[in-house]
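Descriptive structure summary
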Amino acid sequence: MVIDLHVHTAFSDGTQTPSELISEASMEGIDVVGLTDHDTTAGWTLAEDAARVYGLGLVRGMEISCRYEGISVHLLSYLHDPYDTGLAEVVQETRRARLDRTRLIIERLAEDYPIDMDAVLSVSGEDATIGRPHIADALVAAGVVESRTEAFSSILSSQGKYHVSLPTIDPITAIGLIRGAGGVSVFAHPRAAMRGRVVPDSAMTEFIAAGLDGLEVDHRDNPPQEREAMRRLAHEHDLIVTGSSDYHGTGKPNRLGEHVTSDHMLAKLLERAASRPGGVDYIQG
């Protein structure tokens, strides 16, 4: 099977509806998709409906924004209960923080560029988790830059004068909340140095001790020389190893299925989820 466990829709910073995404995945020969929009499960129902129509397997998930000693960390939560109070409250607070941060960034940008909140909302999806990618899209629409990639490498760089940090929870707390909601936690693109600082090995040890379930090893932002080391670490600690595209439609150059997860590792993820009460089921293709 061709298994891609990290994709996004317009409910966060992708450019397609869940139905459009599932349709494209089917045409591209993907057998199983993991829907992981940022800090929201709003696209789950539409994705489930489309997966049943197209006969695709669906692992419902979410990408949770965290911060460890000032370093951005993204955790993928798979098959958790979306109504679990502890996790839902934290995610809702993060969504509010994202909106506040967006307003602050726009205030700074507006001193130099033709942009306001209405412009950002006009390019975001309905009920989307608003964030920097939508600011980038507004800058593209205004003719300031040609693409999201250009926006992030220049105006929206984390090193630039317009940057505002997102206040979020620490990964160890998030790992506990995911487990408490019946979910499985996977550290997304853990060695993506091109995005900024990565956590030290000591932090990885802390996350594993706290109950981290897996590592997203095969991802375009993990340098090839780092992947074997992560694979060895995963083997040492009996972690799940995933490979994913981190697909965003036209929002990023990533292509569906450019990295994939093995059948064996999907089975391991599903087995681990089944051992925890309270989560949701895998949608069979």
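Residues numbered from 1 in each chain as written. Predicted model: local features only at pLDDT ≥ 70, side-chain atom pairs only at ≥ 80, totals over all residues. Heavy atoms only, no water.

1. Things to note about the environment of Thr-102
Quick note on the threshold: The way it works is that DSSP assigns letters per residue, a run of H or I at least four long becomes a helix, a run of E at least two long becomes a strand, and they are numbered from the N terminus. Here the term buried applies to any residue with accessible area under 20% of the maximum for its type, exposed to any over 50%, and partly exposed to those in between, with areas from a 1.4 Å probe on protein chains only. Every residue pair with non-hydrogen atoms within 4.5 Å of one another is taken to be in contact.
Along the chain, Thr-102 falls in helix H3 (residues 85-109). Since its relative accessible area comes to 1%, Thr-102 is described here as buried. Once residues lying within four places of it in the same chain are set aside, the contact partners of Thr-102 are Met-117, Val-120, Ile-130, Gly-131 and Ile-135.

2. Some thoughts on the pairing of strand E2 (residues 32-35)
We count it as follows: Two strands qualify as a pair provided DSSP detects at least 2 bridges between them. By definition, the crossover connecting two strands over a helix is right-handed if that path, from the first strand to the second, turns clockwise as seen with the strands pointing away from the viewer.
Of the two faces of E2, the one carrying Val-32 and Gly-34 and the one carrying Val-33 and Leu-35 are both buried. Pairing geometry for strand E1 (residues 3-7) and E2, over three bridges, is parallel. Counterpart to Asp-4 in the pairing with E2 is Val-33. With helix H1 (residues 18-27) bridging E1 and the parallel E2, this β-α-β connection has right-handed handedness. Pairing of E2 with strand E3 (residues 57-68), which is carried by four bridges, proceeds in the parallel orientation. Residue pairing in the sheet places Val-33 in a bridge with Leu-58 of E3.

3. Quick word on the sheet that holds strand E6 (residues 214-218)
Adjacent strands of a sheet pair through backbone hydrogen bonds, lying either parallel or antiparallel. The test is simple: Only the stretch in contact is used when fitting a helix axis, every axis being a line fitted to C-alpha atoms; angles between N-to-C directions are given from 0 to 180 degrees.
Taking strand neighbours across the sheet as the criterion, the seven strands line up as E1-E2-E3-E4-E5-E6-E7 in an open arrangement whose pairing is mixed. Two strands close off the open sheet at either side, each with one partner strand: E1 and strand E7 (240-243). Strand-to-strand, the axes of this sheet are offset by a mean angle of 30°, without reference to chain direction. Inspection of the sheet shows E3 paired to strand E4 (residues 71-78) by eight bridges, in the antiparallel sense. Paired with Arg-67 across the bridge in E4 is Ser-72. Its contacts with the sheet place helix H9 (residues 224-236) against E6 and E7, and it is angled at close to 155° to E6.

4. Side note on the UniProt feature "domain: Polymerase/histidinol phosphatase N-terminal" (unreviewed entry) in the chain
Defined as follows: UniProt positions are given in the numbering used here, feature names are shortened, and annotations may be inferred rather than shown by experiment.
In this numbering, the UniProt entry assigns the feature "domain: Polymerase/histidinol phosphatase N-terminal" (unreviewed entry) to residues 3-68. For residues 3-68, the end-to-end C-alpha separation is 29 Å, with 32% helix and 32% strand making up the annotated structure.

5. Overview of the pattern of salt bridges
Put simply, the test is: The rule for a salt bridge is simple: a side-chain nitrogen of Lys or Arg has to be within 4 Å of a carboxyl oxygen of Asp or Glu.
As enumerated under the stated definition, the model contains 17 salt bridges in all. Residues Arg-60 and Glu-48 are paired through a salt bridge, measuring 3.4 Å at the closest nitrogen-oxygen approach. You can see Arg-60 sitting in strand E3 and its partner Glu-48 sitting in helix H2 (residues 44-54), a full 12 residues away along the chain. You can call Arg-60 buried: its relative accessible area is 10%.

6. Notes on the packing of aromatic side chains
What counts here: Think of it this way: a Phe, Tyr or Trp ring, Trp meaning its six-membered ring, pairs with another when their centres are within 6.5 Å, and the plane angle makes it stacked under 30 degrees, edge-to-face over 60, tilted otherwise.
Considering all chains together, one arrives at three aromatic pairs under this definition. Note on Tyr-68 and Phe-207: the rings are 5.5 Å apart at their centroids and 90° apart in plane angle, and the pair reads as edge-to-face. Highlighted residues: Tyr-68 in strand E3 and Phe-207 in helix H8 (residues 201-209), separated in sequence by 139 residues. Like Phe-207, Tyr-68 is buried.

7. Overview of the packing of H1 against H2
Stated precisely, the cut-off is as follows: Roughly parallel covers angles under 35 degrees, roughly antiparallel covers those over 145, roughly perpendicular covers 65 to 115, and oblique covers all other angles. Left-handed describes a crossing in which the near helix is turned anticlockwise from the far one by less than a right angle; the clockwise case is right-handed. Think of it as three bins: nonpolar holds Ala, Val, Leu, Ile, Met, Phe, Trp, Tyr, Cys and Pro, charged holds Asp, Glu, Lys and Arg, and polar takes everything else, Gly as well.
At their nearest, the axes of H1 and H2 sit 8 Å apart, and the two run at 30° to each other. Between H1 and H2, the angle falls in the class roughly parallel. When you trace H1 past H2, the crossing you get is right-handed. Contacts between H1 and H2 pair Pro-18, Ser-19, Ile-22, Ser-23 and Ser-26 from the former with Leu-46, Ala-47, Ala-50, Ala-51 and Tyr-54 from the latter. Taken together, the residues of the contact of H1 with H2 break down into seven nonpolar, three polar and no charged.

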